[in-house]
Every structure is written in C-alpha cells, then in structure tokens.
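Here is what each chain is made of, one letter per residue.
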Protein chains: 2
Amino acid sequence: MIDRDETGPGPAPVMVLVRPQMGENIGAAARAMLNFGLGGMRVVAPRDGWPNPKAVAMASGAGRVLEGAGLFPDLGAALADCDRVYATTARSRELVKPVLSPEAAMAEARDLAAAGARGAAFLFGPERAGLENDDIARANAIVTVPVNPDFYSLNLAQCVLLLAYEWQRQQAVAPAPVIAAEFASQDDVARLGDHLEERLEAAAFFLPPAKAPMMKRNLRNMLARWTLTRTEVQTLHGIVRQLARRP
Amino acid sequence: MIDRDETGPGPAPVMVLVRPQMGENIGAAARAMLNFGLGGMRVVAPRDGWPNPKAVAMASGAGRVLEGAGLFPDLGAALADCDRVYATTARSRELVKPVLSPEAAMAEARDLAAAGARGAAFLFGPERAGLENDDIARANAIVTVPVNPDFYSLNLAQCVLLLAYEWQRQQAVAPAPVIAAEFASQDDVARLGDHLEERLEAAAFFLPPAKAPMMKRNLRNMLARWTLTRTEVQTLHGIVRQLARRP
C-alpha cells in the first residue's frame, strides 16, 4: 500500500474514513460529500485494499473524489498535517473530551478556516464497530449527531452526508471572530507525545506495566484535548527536557 | 387500496411520500425519520401496493412508522387536514412559489407549530422523476436542498433524512459544548503552577533571569488556557514529580 494524497489541508474540512469495510459505503460517502461541495477524502487502511472497484462503481459521478483521495496506512499518517480533529461517534466514551453537535463542530471549523487555519479533519469509523478509543484519543473533540435516544440507524454515508450538509449550510453564516493563534499540527503534537513518553519511560513512570498502555493513551488524549499552539508545544518540549536533565 | 391514517396532524410535520416506487426506499425513509424523532409518514399511491414487505424488511426497528403510516389514493386526500405544505424538489420550476432552504422551511414549520398550528406536510416525489407540477401546485412553498450545482445525487431517504435532521436541529436550543468531566478549581491550577515553577526553578529553566517573570507568566497563562480537569491536574503533578526525580 503506497501513501498517496492529493488532499492537502485547505479551508474546507477533509473527511477521513478510518478502516472502512464495504467499498459501496466508501463510494456512497464520496457522493454524499460532493453533494455539498466537499472533495477532500482520506482513507485509512481500507479493509479491501485500494483502489476499490465497488467504491468506484458506487461513486459514479463522484469518482473524482476517490481519485483524489489520500490513502494512508494508519491514522497518525492521515492526520499529520491536520490542525483540528473531530471524531464522529454515537456512543458516550469515558475519554475526557468536548462533545459537539455537527452544528457546533462545523461552526468551529468554519471560524478556524476564516481565521486562516487549515486542515480540519472529521473521522468516521468502520461500519460495524465505529472508531476505537485509540482513534478517538487523537481527536480534539467528539461529534455526536443528536439522534432519537430510542432509535439510531445512521449509516456511514448518511453520517458523512449530515456533516457535509452542515459545512455547506454554515458557509452562508457570517463567521464569528476567533483568536488567530497558530495551532500545532497533529504531527507536532504526536512528536511531543513521543518525547514525553520516552522521558517518562526512562523515569519509570508507566507502572505497573499492565497499566502502561492505558496511561499512554490517556496521555495522548490529554495532549489532544488541549488543542495546543505551536508555542506551547515548544515550551512543553523545553520543560520536559529540562526537568528530565540529569546533572 | 383502503385509506388508512393514524397520523393525524400534530405539531411535528408529516412526511408524505408521493407515488414511491421501491419498497426499500420507503423503509429507508422510515428509518431516516425515526432517527430524528419523526413518526408521521403518509404514503400516496405506492407503486407496489401496501403493505410492502420490502419496506417492512428495510425499516427494521422503524417498522412502527410504517405500521402507523397513512395510506392515500391521491395527494389531495393525503393533504386534506394539512395547514401548510412544502414540496421538496431539486429542479427549478416555472411555478411561481417561494423557494426555501430546508433550514428556512423547518424554521417556519417550527414557528407555526409554536403558534399552535398543526399539520405541516413535506412532499417527496417518486425516486426517478420527482414531484410533478400538479403535485407542486398543491404546496405553499418549494424546499430545495442547496446542493453543489455540479453534482446532485441525493436519494429519497437522504432527502428525508436532511429534512428530519433540520426539524430536530431546530427543536433544540443550541447546546453548549459539554465536557464530561470535573474541572479543576482555580486553586488547584494555581498549586500545580507553583509546583511546576518550583521544579523548573530547581532545574535552572528560567534563564536568563531578566526573562524569568515573563516566562512564568506565560506558563500560568498556558495552564489557564487548557481548562484542566481535576484528573489532568493530578496527572501533571505526577509527571512533573517523576521527571524531576533524581536517582
């Protein structure tokens, strides 16, 4: 599988399909997006490989969305150049993270784009199981469609459709002024996480060993939740380095 | 075909499928509606009769929407008790009629319901050809989903889904972002700042001395900006302690 991406970060959000299963659903998602003018799709480790003939057949007139889609072996690579990441999920999670409606999330994405930020990403999980906690840990916020508590049956393409609709709907709305801080990229935050983890490993922080994976995930989740600026990432690198320095 | 209707006019709009063709699409429309709490469906002269086993199979958990659906031989009968009728159509028509977005139409329906009116109806045409001019002539207004002018591929259930979503969206007072965690008090954050500062002072971080006051202020500002939870404050205390530990 070769990485490929013609969907560099822009003012419009990219839709990231994480480990999608059925080609038909990928094609339907492409159609859903293009209805509302979204062309930036990224596909992470699709079950049936890439390109996917069933996806192409289903996409029909939206084939160009698939042709330009970025293909990535893992979610980290897919989000490397994204400033702001939203995880769509129906279930409530134990992860500490803001939970936004599609409306609120797209309003935020619109305001960030208006302020010059680039690279908002919306994550959609595999059809059957949805996003895993490790996926969600990479997001700045969770997006939940406020459905009937007694009945939930949105499929992948419908979920993409509603988010794309919200993006389009809010183009007509005047953006609110936001503080134009420069946010760190996901890549920068990931490297900070690596650095911190490495130093904490050396300091025997992750004990008992059985709890280490959970502790590490919580750490990444915490960094993601803060929506760090570039300056803060640099400051934190410095703090970690200096604290860990042995005389 | 016998008229049957358990969907008398109420504050929520009824979704009227006009001469629908595929049972699967009727079932999918029922699911789409119920996701957003709409239960009032009316079916006008369905091509394959009624009840429709394929519709029932597709509706799955939303079967009760089909069971309660009103069946009508023609559109006039279906709209007899409706106060306000909206025709969904993608194409521009020569008919002189207001053209509303889903948002504007549902806002109007909501305001009418709040004012005590009952019986708003949204019409959806047959899959292939859409509503005919005679159908549209019965409507007070046209609703057009503002799709990409170069690409339109919404199917019946998706169109119903977007309208149902808009109804639901406008019921809710814009929900504020929620965080499912307990935030740390200002006091807790201040103590964390003291701890961090003390350890960094010991590690000769605040250099040159002339810049120390500004560096300390930036540090406090950063901690304040993150809106830390209690758990995160504890975690950070642990990280700082462990990193600074001398063997």
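Below you will find a few notes about this structure. (Residues numbered from 1 in each chain as written. Chains lettered and ligands numbered in written order. Predicted model: local features only at pLDDT ≥ 70, side-chain atom pairs only at ≥ 80, totals over all residues. Heavy atoms only, no water.)

**Concerning the interface of chain A and chain B**
Here's step 1: Each partner contributes to the interface: chain A provides 57 residues, whereas chain B provides 56 residues.
Here's step 2: If you sort the residues of chain A by the area they bury against chain B, Asn35(A), Phe151(A) and Leu243(A) come out on top, with a joint share of 15%.
Here's step 3: Counting across the chain A and chain B interface gives five salt bridges.
Here's step 4: In this structure, Arg169(B) engages Glu103(A) in a salt bridge whose closest nitrogen and oxygen atoms are separated by 2.9 Å.
Here's step 5: At the junction of chain A and chain B, the tally comes to 19 residue pairs in polar contact (both at pLDDT 80 or more).
Here's step 6: Only helix H1 (23-35), strand E5 (98-100), helix H5 (102-114), helix H7 (156-169), helix H8 (186-202), helix H9 (212-225) and helix H10 (230-244) of chain A provide two or more residues apiece to the side of chain A that touches chain B.
Here's step 7: The greatest single-element share of the side of chain A that touches chain B, amounting to nine residues, is contributed by H10(A).
Here's step 8: Residues of the side of chain A that touches chain B, tallied by class, amount to 32 nonpolar, 13 polar and 12 charged. (Contact = heavy atoms within 4.5 Å. Buried area = accessible area lost by both parts, 1.4 Å probe. Salt bridge = Lys/Arg side-chain N within 4 Å of Asp/Glu carboxyl O. Polar contact = N/O pair within 3.5 Å; in protein donor to acceptor, adjacent residues only side chain to side chain. Helix = DSSP H or I, 4+ residues; strand = E, 2+ residues; numbered from the N terminus. Nonpolar A, V, L, I, M, F, W, Y, C, P; charged D, E, K, R; others polar.)

**What to know about the layout of surface pockets**
Here's step 1: Put simply, the largest pocket is a space of about 810 Å³.
Here's step 2: Along the walls of the largest pocket sit 38 residues, with Ser153(B), Leu154(B), Asn155(B), Leu156(B) and Gln158(B) positioned nearest its centre.
Here's step 3: Of all the secondary-structure elements, those providing two or more residues to the lining of the largest pocket are H1 and H7 of chain A together with helix H1 (23-35) and helix H7 (156-171) of chain B.
Here's step 4: Tallied by class, residues from the lining of the largest pocket come to 18 nonpolar, 13 polar and seven charged. (1 Å grid on protein atoms, 1.4 Å probe; cavity = no way out; pocket = protein on both sides within 12 Å on 5 of 7 lines; lining within 4 Å. Points joined across faces, edges and corners; volume = space filled by probe spheres on them.)

**Points about the environment of Gly193(A)**
All names here are of chain A.
Here's step 1: Within the secondary structure, glycine 193 sits in helix H8.
Here's step 2: By relative accessible area, which is 2% here, glycine 193 ends up buried.
Here's step 3: The sequence separation of glycine 193 and phenylalanine 151 amounts to 42 residues, and the corresponding C-alpha distance is 39 Å.
Here's step 4: Aside from chain neighbours lying at most four places away, what touches glycine 193 is Arg220 and Leu223. (Buried < 20%, exposed > 50% of the residue type's maximum accessible area, 1.4 Å probe, protein only.)

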